Amino acid sequence: MTKEITITVDGRKVKAAEGLYLLDVLKRNNIYVPSLCHHDQVHPYGVCRICIVEMELNGRRKVMSSCNLKIADGQVFHTTSEKLTKERKILMELMLARSSGAKEVIELAQRLGVEETRFPKEDDGCIMCGLCVKACEQVVGVSAIGFESRGPNRKVSAPFDVEAERCIGCGSCVFICPTNFIKMEDKNHVRKIPLWHVELKMKQCKSCGPDIAPEKQLEYIRNKVKLPENFFDTCLNCRP
Amino acid sequence: MDNAKVDKIVEKHKKDSCQLIGILQDVQKVFNYLPKSALDHLAKKLDIPESQVYNVATFFKAFSLNPRGKHIVHVCMGTACHVRGAKRIMEDVARELSIPEAGGNTKDMEHTVEQVNCVGACALGPVIIYDGEYHGSMTPEKTLKLFKK
Ligand code: SF4
Ligand code: FES
Ligand code: FES
């Protein structure tokens, strides 16, 4: 069993297991710290920086991201301060400038007290949190997509920006994206994810008819857990 | 046949995917650029996702995913070279070879001209690197002569 330790957050004592990430502990204790690039099923990546807190260290306060910070006994944190508010606002302004049309970004900006950005506005929509890339790699285990280039040209893309051959069309990236940047459409028994240039045939239930999921995805699951050939012939509802 | 060349490079690096950058450099040396087919094959050989190879290949400016000419010319546009007239050199080269000022390939695929930002030889500026060879204190005239060799 892991050791239980005590940390101090905003003057309050909080007990938690050693080695947990601070942000997870805060969430479990209903202490709000904004986060964008964090998801509990994906290793922390620490890129959006919006989850910053202050940690007391040798009588000073140090600003650190909380999603990738493993806690240790006796640490003292502050989740609100003038400095944090200011830094989060600047981060939000930058994000807002990049993705001025993304509803989720605008909402979080407002929540953190940012109505406008003083930087030139673009309407990208992707905040480069990397969650789609990480989810595809770490949760689905497919790694169909990745990053491209760097600096201002950095973006998420399928390799060579052509059809993502490995993509099984599961839609995890669509689900996890905090800004709804990745679009997916199921129509005429075909699933399309235009950003990765994929179009996949859907499998229908042999008994009641409607689409179950992309054939490729079902095949992937079937191989992974060694299910019988005909396992996905019928949908969940039509199973005996 | 191209795949065999990639295989050889991968063997040389003991199939170690941690050496991806070195491998890509070697692949580029063979093809003058990084062809998609070679990278796809490389990913299979190293047993890593294509997305990872693509990520690294697009991250570094030293790699090119587009075909390049026989001779590679770098025009330094770093601050020091810039103030000593690199911009004029670039303009003249672009006009003479009919390529965009940002750089590019000549029609006959003899040359590829690329801009770089400081190659660490500022005192010699403006600097031109022609097929890996450094030329300092360049003028537009001297540069154009290099192309006529
Ligand atoms: S597409 Fe969405 S999940 Fe992927 S990096 Fe951009 S914002 Fe994040
Ligand atoms: S949530 Fe911590 S850096 Fe993004
Ligand atoms: S600016 Fe050209 S070498 Fe430094």
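Look above for the structure.
Below or above, wherever it landed, is the structure these notes cover. Please read all numbers here as calculations on a predicted model, not as lab measurements.

## Points about a nonpolar patch on the surface
All names here are of chain A. Taken together, Ile90, Leu94 and Phe119 make up a surface patch of nonpolar side chains, about 230 Å² in accessible area. With respect to the secondary-structure elements, Phe119 resides in the loop between α3 (103-111) and α4 (131-140). We classify Phe119 as partly exposed; its relative accessible area is 30%.

## Considerations on the sheet that holds strand β11 (residues 211-214) of chain A
All names here are of chain A. With antiparallel pairing, the four strands of this open sheet are ordered in space as β8-β9-β10-β11. Every other strand in the sheet has two partners, leaving β8 (185-187) and β11 as the edge strands with one partner each. Between one strand axis and the next, the sheet turns through 30 degrees on average, direction left out of account. Along the sheet face, helix α6 (residues 215-224) touches β9 (190-193), β10 (198-204) and β11 and points at about 75 degrees away from the line of β11.

## Section: the sheet that holds strand β1 (residues 71-76) of chain B
Residue and element names in this part refer to chain B. What the five strands build is an open sheet, ordered β2-β3-β1-β4-β5; its pairing is mixed. Two strands bound the open sheet, and with one partner strand each, they are β2 (103-105) and β5 (133-135). Ignoring strand direction, the axes of neighbouring strands in this sheet form an average angle of 20 degrees. Where β2 meets strand β3 (residues 111-116), three bridges bridge the pair, whose relative direction is antiparallel. By the bridge assignment for β3, Gly104 is matched with Val113. Set on the sheet, helix α6 (residues 140-148) makes contact with β1, β3, β4 (128-130) and β5; between it and β4 the angle comes to about 5 degrees.

## Some words on the environment of His39 of chain A
Residue and element names in this part refer to chain A. Within the fold, His39 resides in the loop between α1 (22-28) and β3 (52-57). We classify His39 as partly exposed; its relative accessible area is 25%. Through-space distance from the C-alpha of His39 to that of Ala135 is 9.1 Å; in sequence the pair is 96 residues apart.

## Focus on the site of ligand 1
Around ligand 1 sit 13 residues in total, of which Cys126, Cys129, Gly130, Cys132 and Cys177 of chain A are the nearest. Partitioning the shell around ligand 1 into residue classes produces eleven nonpolar, two polar and no charged.

## Focus: the side chain of Gln217 of chain A
Within the secondary structure layout, Gln217 of chain A lies in helix α6. Residues contacting Gln217 of chain A, with those up to four places away along its chain left out, are Ile168, Gly169, Cys170 and Arg191 of chain A.

Definitions and limits used
Residues numbered from 1 in each chain as written. Chains lettered and ligands numbered in written order. Predicted model: local features only at pLDDT ≥ 70, side-chain atom pairs only at ≥ 80, totals over all residues. Heavy atoms only, no water. Patch = residues over 30% accessible without salt bridge, like charges linked within 9 Å, V, L, I, M, F, W, Y side chains within 5 Å. Areas by Shrake-Rupley, 256 points an atom, 1.4 Å probe, with all protein chains shown as cover. Salt bridge = Lys/Arg side-chain N within 4 Å of Asp/Glu carboxyl O. Helix = DSSP H or I, 4+ residues; strand = E, 2+ residues; numbered from the N terminus. Buried < 20%, exposed > 50% of the residue type's maximum accessible area, 1.4 Å probe, protein only. Pairing = 2+ DSSP bridges. Axes fitted to C-alpha atoms, helices over the stretch in contact; angles between N-to-C directions. Contact = heavy atoms within 4.5 Å. Near = heavy atom within 4 Å. Nonpolar A, V, L, I, M, F, W, Y, C, P; charged D, E, K, R; others polar.

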